Amino acid sequence: MAEYKLLLKHSDDPATQTLAGYKKAGGYSGLAKALKMERQAVIDEVKTSGLRGRGGAGFPSWIKWNGLPKEKVKPHYVLCNADEGEPGTFKDKMLMETAPFQLIEGMTIAGFAVQGDVGYIYIRGEFIDAAKALRKAIDEAYANNLLGKNILGTDFSYDLHIHLGAGSYECGEESALMSSLMGERGMPRLKFPHAPLPTVSGVWERPTLINNVESYSCVPHIIDKGGEWYATLGASTKNSRGTKIFSVSGHVNKPGNYEIEFGTPLKELLEMAGGVKGGKLKACIPGGSSMPVIKPDAVDVAIIGYEEMGEVKSMVGSGGCMFFNEHTDIVMLAWRTAHFYANESCGKCTPCREGTRWMVQIMDRIVAGNGQKGDMELLTEVANNVEGRSFCALGDAAAWPIKAFIRQFPEEFEYWIEHGKSPVTSKEALALVP
Ligand SMILES: Cc1cc2nc3c(=O)[nH]c(=O)nc-3n(C[C@H](O)[C@H](O)[C@H](O)COP(=O)(O)O)c2cc1C
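The structure displayed is predicted, hence computed values, not measured ones.

Here is what the cut-offs are and how they apply
- Residues numbered from 1 in each chain as written.
- Predicted model: local features only at pLDDT ≥ 70, side-chain atom pairs only at ≥ 80, totals over all residues.
- Heavy atoms only, no water.
- Buried < 20%, exposed > 50% of the residue type's maximum accessible area, 1.4 Å probe, protein only.
- Helix = DSSP H or I, 4+ residues; strand = E, 2+ residues; numbered from the N terminus.
- Pairing = 2+ DSSP bridges.
- Right-handed = clockwise from strand over helix to strand, strands pointing away.
- Patch = residues over 30% accessible without salt bridge, like charges linked within 9 Å, V, L, I, M, F, W, Y side chains within 5 Å.
- Areas by Shrake-Rupley, 256 points an atom, 1.4 Å probe, with all protein chains shown as cover.
- Salt bridge = Lys/Arg side-chain N within 4 Å of Asp/Glu carboxyl O.
- Core = buried A, V, L, I, M, F, W, Y, C linked by side-chain atoms within 4.5 Å.
- Contact = heavy atoms within 4.5 Å.
- Axes fitted to C-alpha atoms, helices over the stretch in contact; angles between N-to-C directions.
- Left-handed = near helix turned anticlockwise from the far one by under 90°.
- Nonpolar A, V, L, I, M, F, W, Y, C, P; charged D, E, K, R; others polar.
- Disulfide = S-S within 2.5 Å.
- Near = heavy atom within 4 Å.
- Polar contact = N/O pair within 3.5 Å; in protein donor to acceptor, adjacent residues only side chain to side chain.
- Domains from an automatic or database assignment.

> Go over the pairing of strand β2 (residues 118–123), please, and point to the residues and values.
Within a regular beta strand, the side chains point alternately toward one face of the sheet and then the other, so they alternate between its two faces. Most of β2 is tucked away, with six of its six residues classed as buried. Neither face of β2 is exposed, since Val118, Tyr120 and Tyr122 on one face and Gly119, Ile121 and Ile123 on the opposite face are all buried. Here strand β1 (residues 77–82) pairs with β2 via six bridges, running parallel. Bridge pairing in β2 links Tyr77 to Val118. In this structure, β2 lies alongside strand β3 (residues 159–164), joined through six bridges in parallel fashion. Across the sheet, the residue bridging to Ile121 is Ile162, located in β3. Taken together, β2, helix α7 (residues 128–143) and β3 form a β-α-β motif whose crossover is right-handed.

> Would you mind going over the environment of Asp44 in detail, with residue names and values included?
Within the secondary structure, Asp44 sits in helix α3 (residues 39–49). As for Asp44 and Ser157, which are separated by 113 residues in sequence, their C-alpha atoms are 22 Å apart.

> Please provide a residue-by-residue account of a nonpolar patch on the surface, values included.
Together, Phe192, Leu197 and Val200 make up an exposed nonpolar region whose accessible area comes to about 290 Å². Along the chain, the position of Phe192 falls in the loop between α8 (174–181) and β4 (208–212).

> Which residues make up the nonpolar core, and what values do they have?
Formed by 54 residues in total, the largest nonpolar core has its most connected members in Tyr28, Trp65, Met96, Leu103, Met107 and Ile121. Ranked by residues supplied to this core, first place goes to helix α6 (residues 100–113) with eight residues. In contact with Tyr28, not counting residues within four places along its chain, are Leu19, Tyr22, Lys23, Phe101, Ile104, Glu105, Ala141 and Leu146. One finds Phe324, Met376, Ala397 and Ala398 within the second-largest nonpolar core, a separate group that totals 43 residues.

> Explain the packing of helix α5 (residues 91–98) against α7 residue by residue, including any values.
Packing of α5 against α7 leaves a shortest axis separation of 7 Å and a crossing angle of 35°. By crossing handedness, the relation of α5 to α7 is classed as left-handed. Every residue of α7 that contacts α5 at Lys93, Met96 and Glu97 is listed here: Asp129, Ala130, Ala133 and Leu134. Broken down by class, the residue content of the contact of α5 with α7 amounts to four nonpolar, no polar and three charged.

> I'd like a description of the state of the cysteines, backed by residues and values.
Working definition of a disulfide: a covalent bond connecting the sulfur atoms of two cysteines. Scanning all chains against the criterion turns up zero disulfides. Cys346 takes part in no disulfide bond, and the closest cysteine sulfur, belonging to Cys392, lies 6.3 Å away. Judged by relative accessible area, Cys346 falls into the partly exposed class, the value being 24%.

> I'd like a rundown of the site of the ligand, residues and numbers included.
Looking at the ligand, there are 19 residues lining it, with Gly55, Lys64, Asn81, Asn212 and Ser215 nearest. At a separation of 3.0 Å, an oxygen atom of the ligand approaches a polar backbone atom of Glu84. The separation between an oxygen atom of the ligand and a polar side-chain atom of Ser215 is 2.6 Å. Across the complex, the protein chains shield 89% of the 610 Å² of accessible surface that the ligand would expose by itself. Counting residues per element, the shell around the ligand draws most heavily on β4, at three residues. Looking at the shell around the ligand, its residues break down into four nonpolar, eight polar and seven charged.

> Kindly report on the domain arrangement of the protein, identifying the contributing residues and their values.
Domain parsing of the protein yields domain 1 (10–232), domain 2 (243–325) and domain 3 (330–426). Here the C-alpha centre of domain 3 lies 36 Å away from the C-alpha centre of domain 1. On the side of domain 3, nine residues touch domain 1, which itself brings 13 residues to the contact. Counting every contact that joins domain 1 to domain 3 gives zero salt bridges. Inspection of the domain 1/domain 3 interface yields three residue pairs in polar contact (both at pLDDT 80 or more). Across the side of domain 1 that touches domain 3, the residue classes break down as five nonpolar, three polar and five charged.

Structure (structure tokens):
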């Protein structure tokens, strides 16, 4: 299977960054079609397409869309999660920089379907170029009656704003994102069933739809070509439809964003990225740094799909696919990962705040050459006490990779603990040791 450029096709053509160029390439036919449909029919089309959220959790998008009240009594908000904080993932950045109209069109269709009044794109603060590209495109859309009052002469009016975050991983968690957007600290809120769903009471306690950049960017294609057509892509998988963009990085010859149809073997993604660089393949983290690491034998058989990746004990996640060659020190990788999640823990709940720091302390002593017998078991125990017990899923994101590194590469941890130094003697690996 080769690359399948549906969302990324615009990225190859800079002309589509102007409204005229985007329309020439077929853009805005999805919105024109949607505006002639019943709102529910648009939601049903998304249902037929089988679209699942591309932000990491793979939740069926139509269920959220359908969850906003049909009898509107308060303003409805449409949020786009453009925080893209998961290490290894850089596809939303590219989609915003190179295909801004695709996202705006997708969010406008979503706004129409859920009776949205205002949309916000919550962008990671460092993504200045993405914000600039979107600003320009939004201005052009307003000037051409594609945003604002009575869009394309209909009774649908919809405003769209950009909000720059401050570069906090936690602010990508949807309830923390809403808090941050409202000017509060970026901390998660209590979840359903202990609190209402965002679709009922989200930002400013109003019904809110929240989806990822890539999820919204699929929508113009789904409406334009039909949900049934979209669902033919990935039909070989159990329940993953359409395409998925993978940000491929690490020890590969051609790092970058690759869009593939679900059902593509993982090893083909590696081939698209030019194969492993600098030695034999040692490990792969398929879906972003919070996802469990897998070994080459699993890479050989893994099929890209939400359920299929589970068969090799990993996940599609946000699509940040990192390959590591034989000179990689897995313990150092675990050490770096543990530090990232501890730094990014917002501190609200005890299991995550304390647990991530405990994991860092144990990892610190291992890489300082002071590892103790039983440290692997202790690390796993701490991770088990964080997983599923934190206020939001940041705790899981911190625990899963550590457990997987130990499960997959126990001999490397044992070596470090016994000898106080790395089993990997390459210069690149040693340069990482603090
Ligand atoms: C700690 C944490 C960070 C997250 N960061 C992001 C992010 O940067 N971008 C994103 O789209 N989703 C992120 N998510 C997932 C969102 O909470 C949410 O599932 C997503 O925005 C839903 O959109 P989707 O259904 O279109 O995937 C994060 C989740 C957690 C727990």
